Structure formats: structure tokens, C-alpha cells
Amino acid sequence: MNNSNRYHLLESGNRQLLKPRMRSPSKMMYLSLFILVTGVTLCALNIYQLHRIKEDHMFHHAAGPIVEGSNDENKQKSEKPIAWVAGKNLHTGYLKHVFDVLSHVGFVTGDYTADWSLLWSHDYPFKTFAPQLSSLKPYQKINHFPGSGYITNKVSLATSTMKFIPRAFKLPEDRDKFLSFSQDHPEVMWVQKSNTHRGIQIRNTSDLDLKKEGSFIQEYVSKPFLIDKHKFDIGVYTILTSINPLRVYIVEGDILFRFCPQEYYPFDPQNRDKYVVGDDYLPMWKVSSLKDIHQRHGFSFKDTFNIYMKSKGLDYEKVWRDIRSAIATVYLEKESKLIESALAYLDTNNFFEMVRFDFVLDEALNVFLMEANMSPNLSSSHFPPNKRLYEHVIFNVLGLIGLTHWMSSKQVNYEDEMRVSSADVNVFPEVCTNSTCASSCMDILCRLCKHCRTHSVEKTLKIAYLEHVQQGSCRRIFPPALNRSEVLAWNPKSSWPGTEELTESNKLMYLWFLGMCHKDLSWC
């Protein structure tokens, strides 16, 4: 074999030997790519799982931040209702109990981009979130009413001429009226206040700033009722569920009592701790005559107060009657303003509101309304034992409006006959079956009959029915509770005392509760 043939044979053999080696890099490349893709996929899954764990941890353990981790598709697929909690500096935890109760009743948190069922806003939301609230869905609830400032604005409330609100003069508009009155009543002491409600102190007339815009001067209740020599105030949590017709409730299960840290006498107007309830107030469990009843025997704040008053032979029931009457009067007085403010929204059933009315008592147990707080403090960080009170309030507020009674991811419709039907809200059978109502719906009682009820009235009655079923420790104060014996003796052909001055929608609501009470005494 010559060298040329030997060369070609070697070259051919080498090519055959080299072929597998030429394919090897390609296989290695595919194998490496497969390993890389698998690794990236596993890494992504781990990141996703860690993110979900972080979300869950933040909601259940962090006191405030809104969870925003899940994407829109996951939110829409979620079977749990979504709460949008809005407020400044939520990380500080001042709404921790709101988050905890919402979690307990099955909510998850989201923001305005979610299909939320509840907006719990610490501040007045209708200016800040106007675009998001322009077209509300039937199941969406907001924890404020448009126009609620007519009640919670301190100047507006204080200058209302209601007998249980200490006399007040708006500045600078009422300057001359104030000077005239103060000259005729030199014994009256005064405090100057504003909407910030800070720095309150009794001052001489000469020390008052009568030109200060947005402030008012209010008469000081100078002879307060004391317990263990301490002045105190009474905070009543109040829920507004409807404005036309008006329905108002209070959380009767418990009440907030706050005592001034120093004894009232000897009185010193320069010492605010004697007569102003501040952030560092004296809690009930540190008041000598009350702490044993509350702590050792485990009674609520309200029951502790009642037990103490009864031991002194004092009429605590009068105090509660007067407080309920005062709150109802405020809402009746301001109802038209609330209705006017809500005209921009299609359905006022989207709204509810919980505020705290603060009262003081004088030596004769007369009640005086000092203010209504739109977003009352619900943080127990300063006084941990208040946790039970705040969570009790939040839970019962949500229960009253049906947000603790979920059967799906959306609020159960009032038309769901499993919960309430037309038959449930029928009243006055002797009226609705007589010939007068059969031929005409002009009489106001006839308008409660099934064949006369409008769709709007039917809806209103069903929602009121559900509120009664769901009220928990809440108590309806308007329309007011009814005397059973008087209701049973009442002839529906005659008018019911106290309804003459009511608007037509309020009168109809009042009469419906009368009818429900007439057939079932638990409604009285």
C-alpha cells in the first residue's frame, strides 16, 4: 500500500472515530439546557411558595399592612371575601383588631384594585377615594356615610341647639352673642375647642381667642358626677345602617369608661388631669370601687358601672334611657343633611357607620353629649385589657350588617328566600285582609301589605329583618324599642304616639316594627 492510499485510509478511519466525539457537545448542550430550565422552574416555584407564606404571615401576624401580593387572577378565584383596609401608617398597628376580626370571620385583605366586599377606611373616604367609589356594586360595603361630618364635626355638633349638648357659640360668627350671654351669666365656666379637640382648658373670658376661625366656646359642665372622686366619660359605640328610613343601633354588650387620672376636688382649672380625659386616662380596673367587680368577678365595663350605681341606690336605667334618646335625636336632627349628601350615590345601602358618642354626667345624673368620634380609637396597645371591648365592637358591627354571615365570596343577596322572604316581613293581617286595603293602598298601613308594597319598600323591610336577626349584642334605638303591653293593646286603626312628626319613610319603618312586635314580642 503506497503512502497516498495509507493516508486516505487513516483519514477515513479517523473520521469514523471522530464522529461520536463530534456529536457529544450537542448532547451535552441539551442536557445542560434541561438542567438549567428545571433549576429555574424549581427556583421560581420556591419563590412563589415563599411569597405566599409571607403573605399569609403578614395578614395573620402583622398589625396593619395591607397584603397586596396575589395577582388579580388569584384574587378573582379566591372564595374568600376581600376587605380593603385604608389608613395612614398602618404598620404602627392601630387597626390591628380590625385586621384580626376580619381574618377571624373569613376575610382576606386587598386594595382598591381587588373585587372587594368591604372598605374599612380610618379616614373619611369620599374625597380621597372618589374615583374608586363612583360605581359601587350591590354587595360592596363602606364603613362611612356621605355627610357624616354633620354629626362628627365638633363645631357642627356642639352648636346644634339640643338640650343635652352644653351651650356653645361658634367663632367668630357668634362672638357678640357669647359676650352678651357671658355678661349675664358670670358664674359659667367656658372651654374653647376646635375640630382637633386638643389643648382643652378652662379659661377666663378675657383669655379666650374670640377671633379664632373654626373654633367654638362651650359651657363647661362644672358639677360632674364622680366615682371615687374622679370625673369620667362614657363612650357609646353607635351604628348607623340606614338614613332613609333611619335605623340606628348601639353596641349594648359593652361601653367604654375613661376616668380622669387625678381627683376632681380640690378643683384647679390649671390642672387638666382633673377634668379632661386624655390619652393617659385612668382605666376602670384601676378605680378602687370598680376594679373588684370588673377584674375579680369578671363583669363587663357596663355591668360594673350598673352594679356600682345600684349599690348606691342610683337609677342607672335613667342614664341609659337618656343616652339612647340623645343619640336618636342627633340622627333625626341631621338626617336630612345625610340624605342630601348621599344623593350622588345610587344606593345608600352600600354604607354603614360606627362612631363613638362621648357623654358626661352631672351630679343629678343628667347626660351631656360632648362629641361624636368618626374613627374612634380601636387600639389596645396603651391599655391591653381593652382588646376584648374593641374586638367585641368590631365583630358585632360586622355581624349587624351581615358581613359575618357569608355563604360565598359575595354578600348573600337580600332576595335570598332562605334567609328572608316576603312572608317573613308581612305584618298586620287584620289590616291587609280587610276590604279597605284590598281596594286601595292609600292608607299608610296598607302600604306595608304585600300587594301594596313597592320594590323599594320590600327591599328595606328585608334588610331591616336581617339586621334584627343578625344584631348580636347591638340594640336598635331608632325606631325605638317598644313597650309590649302598649303594643298589644294598640288598635292599628288609631295612630301610634310619637310618629306624627316623622318623615313618611321613617313613619312606615316605625309602623313595620310595631307590626313585627305585635306578632312576635321578641321584636318589641
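Anything mentioned here points back to the structure above.
Residues numbered from 1 in each chain as written. Predicted model: local features only at pLDDT ≥ 70, side-chain atom pairs only at ≥ 80, totals over all residues. Heavy atoms only, no water.

Enquirer: Account for the packing of aromatic side chains, naming residues and giving values.
Expert: Inspection of every chain in the model, using the stated rule, returns 36 aromatic pairs. Centre to centre, the rings of W84 and Y112 are 6.1 Å apart; their planes meet at 55°, and the pair counts as tilted. With W84 in strand β1 (residues 82-86) and Y112 in the loop between β2 (108-110) and β3 (118-121), the pair connects residues that are 28 residues apart, well separated along the chain. Each residue in the set F225, F232, F257, F259, F305 and W320 is aromatic and connected to the rest through ring pairs, giving one cluster. Taking NZ or CZ as reference, R476 lies 3.8 Å from the ring centre of F513, over its face. (Phe/Tyr/Trp six-rings, centres within 6.5 Å; stacked < 30°, edge-to-face > 60°. Helix = DSSP H or I, 4+ residues; strand = E, 2+ residues; numbered from the N terminus. Lys NZ or Arg CZ within 6 Å of the ring centre and 35° of its normal.)

Enquirer: Account for the environment of E486, with residues named and values stated.
Expert: Note on placement: E486 falls in helix α15 (residues 484-489). Along the primary structure E486 and H518 are separated by 32 residues, whereas in three dimensions their C-alpha atoms are 9.8 Å apart.

Enquirer: With reference to specific residues and values, describe the environment of S495.
Expert: Inspection of the secondary structure puts S495 in the loop between α15 and α16 (504-519). Exposure remark for S495: the relative accessible area of 53% places this residue in the exposed category. In this structure the C-alpha to C-alpha distance between S495 and L511, which are 16 residues apart in sequence, comes to 9.5 Å. Among all residues touching S495, those that are not within four sequence positions of it are W490 and E500. (Buried < 20%, exposed > 50% of the residue type's maximum accessible area, 1.4 Å probe, protein only. Contact = heavy atoms within 4.5 Å.)

Enquirer: Tell me about the packing of helix α8 (residues 288-296) against helix α9 (residues 301-311), residues and numbers included.
Expert: Following both chains from N to C, one finds α8 and α9 inclined at 125°, their axes separated by 9 Å at the closest point. Considering their axes alone, α8 and α9 lie oblique with respect to each other. Crossing geometry of α8 relative to α9 is assigned as right-handed. Contacts between α8 and α9 pair S289, L290, I293 and H294 from the former with F301, T304, I307 and Y308 from the latter. Of the residues assigned to the contact of α8 with α9, the class counts are 5 nonpolar, 3 polar and no charged. (Axes fitted to C-alpha atoms, helices over the stretch in contact; angles between N-to-C directions. Parallel < 35°, antiparallel > 145°, perpendicular 65-115°, else oblique. Left-handed = near helix turned anticlockwise from the far one by under 90°. Nonpolar A, V, L, I, M, F, W, Y, C, P; charged D, E, K, R; others polar.)

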